[in-house]
Amino acid sequence: MRVTRLALAVLLTIGLTGGAALAQPPGGPAGGRAGFGRAPGGFGFMGGGMGWAQLLQIEKVQKEIELTDDQKAEVEKIVTANREKMRELFGQGQGGDRRANLEKARELQQESQKKIEGVLLPHQVARLNEIRLQVAGVGALMDPDVRKELGLSEEQVQKLRDVGREVMQGMRPQDGEGPRDPGALRGRMQEMRQKMEEAAMKVLTDEQKSKWEKMKGEKFEISPEDLFPRRGGAAPAGDRPAGRRGARDT
């Protein structure tokens, strides 16, 4: 299914996209301290989010973590090298073992993120993780590391998946009523995100909710337009394939 720039923006706004839809290889980013879960459906499907490489291409994020020019140059080298490897792996419609390709893609993303972490200072890594959690929203609750940090039980995880599916089904437009206007679509997605967050917070204990807020850190204002600027602006997705067609969802 083709994914337009607008769709990418609004889907990210509610935290519903998987890694491939965010211009990464199918399966999305893996590993690292801020990786996101990939469980299917409900909040599991909400596990996608921008990786470090993508976030670090955004000027507002660069300023927030005080990224230096030298660091930008080093990150760009890492991103470029990773992009080329991804193109070799998934480019030109090559076949092969899909599962093996996905695993290789995850390994490449782990390698890339580890290299980026080596370029950043500890306080920059910490803030970048906080920003990533904020961008992902409650979808980040499906990440194994986040679940462990919050002490989520298997019962809570299943409840998150269930209520996530319920909210998505309840917000699904009926035949012929799906909004086509970008503003209406964005409003619908924002409403869904709000409902998802409300549903998720009911599953967490007071102690877990408090810890979750601390993990996200100080609020960082960023809009879909910042994440996906219009053509002509800086491309946020460091691993995004070139071309007008944008990314492919799988």
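Whatever comes next refers back to the structure up there.
The rules behind the values
- Residues numbered from 1 in each chain as written.
- Predicted model: local features only at pLDDT ≥ 70, side-chain atom pairs only at ≥ 80, totals over all residues.
- Heavy atoms only, no water.
- Buried < 20%, exposed > 50% of the residue type's maximum accessible area, 1.4 Å probe, protein only.
- Helix = DSSP H or I, 4+ residues; strand = E, 2+ residues; numbered from the N terminus.
- Arc of directions from axis to C-beta.
- Core = buried A, V, L, I, M, F, W, Y, C linked by side-chain atoms within 4.5 Å.
- Expected span 1.5 Å × (residues − 1).

Q: Sorry if this is basic, but what is going on with helix 11 (residues 206–216) here?
A: In an α-helix, one turn spans 3.6 residues; hence positions three or four apart end up facing the same way. Buried within helix 11 we find Gln 208, Trp 212, Met 215 and Lys 216. The buried side chains of helix 11 occupy one side of the element, clustering within an arc of 95° when seen end-on. Exposed and oriented more than 90 degrees from the buried face of helix 11 are Asp 206, Glu 207 and Lys 214. Count one or two residues on from helix 11 and you reach Gly 217, which has phi positive near 70°.

Q: Before we go on, may I ask you to explain the nonpolar core in this structure?
A: Note that soluble globular proteins tend to have their nonpolar side chains buried in a common cluster. In terms of nonpolar packing, the biggest core is built from 22 residues, with Leu 141, Val 146, Leu 150, Leu 160 and Trp 212 touching the most fellow members. Breaking this core down by element, the ones donating at least two residues are helix 7 (122–136), helix 8 (144–150), helix 9 (154–171), helix 10 (182–203) and helix 11. It is helix 10 that provides the largest number of residues to this core, a total of 6 residues. Judged by nonpolar contacts, the second largest core, of 20 residues, contains Val 75, Val 79, Leu 120 and Phe 228.

Q: Honestly, helix 7 in this entry has me stumped. Any pointers?
A: In this model helix 7 runs 21 Å from its N-terminal to its C-terminal C-alpha over 15 residues, within 8% of the 21 Å that 1.5 Å per residue would give. Burial analysis of helix 7 places 11 of its 15 residues in the buried class, which makes it a mostly covered element. Those residues of helix 7 that fall on the buried side of the exposure criterion are Gln 124, Val 125, Arg 127, Leu 128, Asn 129, Ile 131, Arg 132, Leu 133, Gln 134, Val 135 and Ala 136. At the exit of helix 7 stands Gly 137, carrying a positive phi of roughly 70°.

Q: What exactly am I supposed to notice about unusual backbone geometry here?
A: Leaving glycine aside, a negative phi is the common case for residues, and trans is the common case for peptide bonds. A positive phi angle is found at Glu 66, which is not glycine, with a value near 60°. Relative to the elements of secondary structure, Glu 66 occurs in the loop between helix 4 (59–64) and helix 5 (69–90). Owing to a relative accessible area of 55%, Glu 66 belongs among the exposed residues under this scheme.

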